[in-house]
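# Breakdown of the fold
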Amino acid sequence: MLTCMRFLLLFSRQGKLRLQKWFTPMSEREKKKIIRDMTTMVLARQPRSCNFLHWKDLKVIYKRYASLYFCLAIENQENELIALEVIHRYVELLDKYFGNVCELDIIFNFEKAYFILDEFLIGGEIQETSKQMVNRSIEASDMLQETMEEYMSKPAF
Amino acid sequence: MHTHTAMSPSVPLQEMIRAIRSARTQCEERGVIQRECAAIRAQFRQADNGGRSHNLAKLLYVHMLGYPAHFGQMECVRMIASPRYSEKRVGYLGAMMLLDEKQDASLLITNSIKNDLSHSNQYVQSLALCTLACMGSAEMCRDLAPEIDRLLRASNSYIKKKAALCAVHIVRKVHELGELFVPAARSLLSEKNHGVLHGAVVLIIELCEQNPETLERFRKTVPDLVQIMKGLVLSGYSPEHDVAGISDPFLQVRILRLLRILGRNNEGASDSMNDLLAQVATNTDSTKTVGNAVLYETVLTVLDIKSESGLRVLAVNILGRFLLNNDRNIRYIAMTSLQKIVGTDHNAVQRHRGTIVDCLKDQDASVKRRALELSLALVSASNIRSMMKELLLFLSSCPPELRAHAASGIFNAAERYAPSQRWHIDTMLHVLITAGGDVRDETVPNLIQLITNASELHCYTVHKLYRALLLDISQQSLVQVACWCIGEYGDLLLKGDCQETEPVQVTEDDALDALETVLQSHMSSPATRGFALTATMKLSTRITDNVDRIRSIVSIYGSCIDVELQQRAVEYNALFRKYDHMRAAVLERMPVIEKNSPGHTNGESTGEAVKDVPTAKMKQGEPLLLQQPANQVCDLLDLLGGSEETLQPGPAVDCLVSGLSVHAAGTAGGDLLDLLGGFEPAELSPAPQVLAYDKGGVTLTLSCEKQSDTGLTVTLTASNSSDSDLSSFTLQAAVPKSVQLHMKAPSGDSLPARGTAKVTQMVVLNNPNKVNLKMRVRVSYTRQGSPFQDTVQIDSFPGLDAAGQ
């Protein structure tokens, strides 16, 4: 099965995984191997290299934002430059949500990072190209969570 | 930490995360996690307590750290079924992280998904859609496809865009269901919402790629797609979709992709998108990456469809501009794209050759690699000289991982387009000097073959190689070729005058010094030392004064610890001692090596080449070399033209053939070296041996071989069975007046005690008057400091009748 994007990984400079999204089914073993390979390959890159790598039959696009590496694997015939834009868009969404997002935000609110991602991409494809639309959807979902809790008058915490 | 989030953070989750992070060792962390997991498991078993979503979230965090979390699968199923949005949200997230279609538990959520797809709240619907598109199994897809189709038509944009991507997933999983979505996909193209449009385009791409018939039907949408693109490209600023001045680059790229699929192999469709593509190519702002992303996709589309030539040139020019971009990502993708079309659009790419060659100097290793590939593909007969300059420059400073590829690429280019032999040899030498350690093994015989073919350049080549050898003996391939040439063309090296280079005086000692340096250096590989030893041996027939030096080198290596070297030395020793009369023939100038002849393809050192000397050479060589030095033999070979390596001697050769007897020449070159294997001539030569002298432990035996009607070769063998070593051992011979005598150099002048080694000497006689053959031999030696002399007369020669016939 060929999706535009195969997986998205976020990891720190020490190789600690902060987020993993898999767009095609894969066994736990395969996932672990890919995580190892990606962190090794990307962390070994020279500082002024280009942001594209070849790995097996995929193109791997990676970019460092502060202390986090964003690593996106795409099909061989996909457009690398737009993939860089996809990474950048996700970072912008996180930044809007958390306000000057940093790695700690993603560590302590990892589930929110996923919720945001799931409003931006689905099944390895872009679902919404407007930044504002994604932000509004997230806010609305969060609002729903809060109000639903109040409505059902059961404390969330 | 910043908390501008609309939703309050989960305190229990964050407390756990803090606890895990404060663990100082891996062991401590594991302890914390084990405790937490135990607590989570306990909580799962309890009744609903309002904290379930936090527990599952904790488990998901632990899972991300790499710890097992399968016991949370059922909890996901329960949470998804919960009426609470917060629990559904985490439940679906958990399902996407912990469940895949292979797990049994995934089947259990099918019903929940089905229900949630028709939930009154779109955010709940959204969860179901997202999860289905992420991990829906084939069964689930079949089950829910009609529902998705319904959502594609009836719902709001928020749901439609997600349903479209769900449909994409379904079609990927179950190809036959594609047909179901074709009508909906078609109608979605008229939506205004970009998210929906984007989803529609992705769905259509998927449907077209899966089914060629569907692709035919969707070709009709090209005008609509062109309109949409035009709107995006030419419209004013749209705050909703603007990215650095480009209006919705993501959608543009996707539409361009669909256009590519529809225009491929179809003139009509390609024609109708021609203008649009030109417009996008010219109007898109290329100062930011995002604009270049769109341009890139445009270029890929133009090059893939049946576009008119003007548009193609425009596309290649965009790539050419990309090569000059500061952004190395852009340079990199330009190279990869140019590489793909260098075959089909060769001339267009050639126009950018200068820029591509400049990229050889790029800092980025990936760009360098691409530039090398592309440069090699662009080499042609008309640009070979200038391109080679650049490539050689590149070779001298390129990263080590690219050297082998660069060297072999250069060799191939040189072979295909060399404007002259001298240029070709110079180029190959340059590569060996720069990157000799990275070239393939075949390079050495290939270069040797090339050199033998360029006969006017032998002098030039050997001088150049000699000079290179003086500078650096670390590059094995270079050293091997240099040694071979010095051995082979040593006479030309010593002559000194060469038109092509400055004259330089090289003495015999200089040449031998160079070879000995190679022999003795720890940098020389065993193969290289083999080359050097053979070359040294070959010089014995090309120099005049220093043969003794060569003899001593060869004899030293007779006890070398390297078996290969030792064997060579032993064989060469034997050549000096027993088969001196054959030495010149064995070591004479090699014939021109044709490609694919044994001498050419063999990657080993010239020990093999010596074996391969055809017997015709042997036949011609021996009598000639009595009188003429080696280079005159070479001239003779030139007279004979190109037939040197045939085994039948040509007519001009017949009269010169005196014929070595069969047992000496052997049937093929290989036998020759077998003959030279041992020290005992007796077992090799069937010619009878006669004891001519026996006194004081010193014996002298002789054997004869008739060479012709009047010619005869006598081999004298001296041995010392006494207990003391003899030194300065010499033999002198005298014959009747009309007989011509020529004594060849003896194998040595020391006779060690107890017969451990012998001395042999060949005497060549010519008896034109056929007189009675007699020979007086004087034996002289020194024993324990005192000289000794004796004389013996030999009246009968074995193998001849009493009259010496």
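Keep in mind the model is a prediction, meaning the values are calculated, not measured. Sequence order as written defines the numbering, with residues in each chain counted from 1. The order in which chains are written sets their letters, starting at A; the order in which ligands are written sets their numbers, starting at 1. For a predicted model such as this one, the threshold for reporting local features is a pLDDT of at least 70, and the threshold for listing and counting side-chain atom pairs is 80 or more; totals across whole chains, interfaces and linings nevertheless cover every residue. Note that water and hydrogens are dropped before the side-chain values are worked out from all heavy atoms of the structure.

## Digging into the overall build of chain A
Here a strand is any run of E in DSSP of at least two residues, a helix any run of H or I of at least four, and the numbering for each starts at the N terminus. Within chain A, the secondary structure is distributed over 5 helices and 7 strands. Listing each helix as α and each strand as β along chain A from the N terminus yields β-β-α-β-β-β-α-α-α-β-β-α. By the compact-globule yardstick of 15 Å for 157 residues, chain A fits well, its C-alpha radius of gyration being 17 Å. When its C-alpha atoms are laid out on the principal axes, chain A stretches across 50 × 30 × 30 Å. Throughout this description, buried means an accessible area under 20% of the type-specific maximum (1.4 Å probe, protein chains only), exposed means over 50%, and partly exposed covers the range between. Every one of the 157 residues in chain A was classed for burial, and the buried ones make up 64%. Roughly 6,200 Å² of accessible area belongs to chain A as shown, and the carbon and sulfur atoms make up 53% of that amount. Residues counted as positive are Lys and Arg, residues counted as negative are Asp and Glu, and His and the chain ends are not counted. A charged residue contributes its charge at one atom only: NZ of Lys, CZ of Arg, CG of Asp or CD of Glu. For chain A, the distance from the average site of its 22 positive side-chain charges to the average site of its 22 negative ones is 8 Å. This radius of gyration counts C-alpha atoms alone. The globule rule is 2.2 Å times how many residues there are, raised to the power 0.38. Using a 1.4 Å probe, accessible areas were evaluated by the Shrake-Rupley method; residue-level cover was limited to the displayed protein chains.

## Side note on the overall build of chain B
Along chain B, the regular secondary structure elements total 41 helices and 10 strands. Evaluated residue by residue, chain B yields a buried proportion of 57% over its 805 residues. Working rule for contacts: check all heavy atoms of both residues, and any pair within 4.5 Å makes them a contact. Restricting to contacts in chain B with at least 6 residues of sequence separation, those with at least 24 account for 66%. Only carbon and sulfur atoms are counted for the fraction: they give 50% of the accessible area of chain B, which is about 33,700 Å².

## Comments concerning helix α25 (residues 421–435) of chain B
Residues and elements named next belong to chain B. Take the number of residues in a helix, subtract one, and multiply by 1.5 Å to get its expected span. A rise of 1.5 Å per residue sets the reference length of α25, with its 15 residues, at 21 Å; its end C-alpha atoms lie 21 Å apart and thus fit the reference within 8%. Of all 15 residues that make up α25, 11 are buried, and the element is covered over most of its length. When we look at burial in α25, the residues that qualify are Trp423, His424, Ile425, Asp426, Thr427, Met428, Leu429, Val431, Leu432, Thr434 and Ala435. The secondary structure elements touched by the buried residues of α25 are α23 (384–397), α24 (400–417), α26 (443–453), α27 (458–471) and α28 (476–495).

## Brief notes about the environment of Glu85 of chain A
By the secondary structure assignment, Glu85 of chain A is in helix α2 (residues 80–98). Take Glu85 of chain A: its relative accessible area is 13%, and that puts it in the buried class. With residues up to four places along the chain from it excluded, the contact list for Glu85 of chain A reads Val243, Phe250, Thr289 and Val290 of chain B.

## Considering the sheet that holds strand β7 (residues 740–743) of chain B
Residues and elements named next belong to chain B. Pairing between strands is defined by DSSP: at least two bridges between them are needed. Reading across from one edge, β3-β4-β5-β8-β7 is the order of the 5 strands in this open sheet, with antiparallel pairing throughout. Two strands bound the open sheet, and with one partner strand each, they are β3 (689–695) and β7. For this sheet, the mean angle separating the axes of adjacent strands, direction not counted, is 20°. Every angle, taken between N-to-C directions, lies between 0 and 180 degrees, and every axis is a line fitted to C-alpha atoms, over only the stretch in contact when it is a helix.

## Some words on the environment of Val243 of chain B
By the element assignment, Val243 of chain B lies in strand β1 (residues 242–243). If we skip the residues at most four places from it in the chain, Val243 of chain B touches Glu85 and Arg89 of chain A together with Pro249 and Val290 of chain B.

## Things to note about the sheet that holds strand β9 (residues 775–783) of chain B
Residues and elements named next belong to chain B. Pairing in this open sheet of 3 strands is antiparallel, and the strands run β6-β9-β10 from one edge to the other. The open sheet has two edge strands, β6 (726–734) and β10 (786–794), and neither has a second partner. Ignoring which end each strand starts from, the neighbouring axes of this sheet average 15° apart. Sheet topology note: the β9/β10 ladder contains 9 bridges and is antiparallel.

## Side note on the interface of chain B and chain A
Taken together, the contacts link 76 residues of chain B with 76 residues of chain A. The term buried area refers to how much accessible surface (probe radius 1.4 Å) is lost by two components on association, counted for both of them together. Between chain B and chain A lies a buried interface of about 7,100 Å² when both sides are counted; carbon and sulfur atoms form 58% of it. Whenever Lys or Arg places a side-chain nitrogen within 4 Å of a carboxyl oxygen from Asp or Glu, that contact is recorded as a salt bridge. In this assembly, chain B and chain A are joined by 8 salt bridges. Arg89 of chain B is paired through a salt bridge with Asp142 of chain A; the nearest N and O atoms lie 2.9 Å apart. Any N or O atom pair separated by 3.5 Å or less is treated as a polar contact, with the protein-specific requirement of one donor-capable and one acceptor-capable atom, and with residues adjacent in sequence counted only for side-chain atom pairs. In this structure, the connection of chain B to chain A is made through 23 residue pairs in polar contact (both at pLDDT 80 or more).

## Notes on the side chain of Arg312 of chain B
With respect to the helices and strands, Arg312 of chain B occurs in helix α18 (residues 309–323). Apart from residues no more than four positions distant in its own chain, Arg312 of chain B is found in contact with Val302, Leu303, Ile305, Ser307, Thr344 and Asp345 of chain B.

## A look at the UniProt feature "domain: AP complex mu/sigma subunit" (unreviewed entry) in chain A
UniProt positions are given in the numbering used here, feature names are shortened, and annotations may be inferred rather than shown by experiment. Annotation from UniProt places "domain: AP complex mu/sigma subunit" (unreviewed entry) at residues 5–143 of chain A. The span residues 5–143 of chain A is 47% helical and 27% strand by assignment, and the distance between its end C-alpha atoms comes to 30 Å.

## Notes on the pattern of salt bridges
Close approach of charged atoms allows side chains with opposite charge to pair. As enumerated under the stated definition, the model contains 58 salt bridges over all chains in all. The salt bridge involving Glu75 of chain B is made with Arg52 of chain B; its shortest N-O contact spans 3.3 Å. Within this pair, whereas Glu75 of chain B is found in helix α4 (residues 73–80), its partner Arg52 of chain B is found in helix α3 (residues 52–64), the two being separated by 23 residues in sequence. Under the relative-accessibility criterion, Arg52 of chain B is labelled buried at 14%. Among the salt bridges present, the one from Arg583 of chain B reaches Asp580 of chain B, with a minimum N-O distance of 2.8 Å. Of this pair, Arg583 of chain B and Asp580 of chain B both sit in helix α33 (residues 580–587), 3 residues apart, which is roughly one turn of that helix. Residue class for Arg583 of chain B comes out buried when judged on its relative accessible area of 10%. Take Asp580 of chain B: its relative accessible area is 9%, and that puts it in the buried class. Connected through shared salt-bridge partners, Glu78 and Glu125 of chain A together with Arg172, Glu206, Arg254, Arg257, Arg260, Arg264, Glu297 and Asp304 of chain B make up one network.

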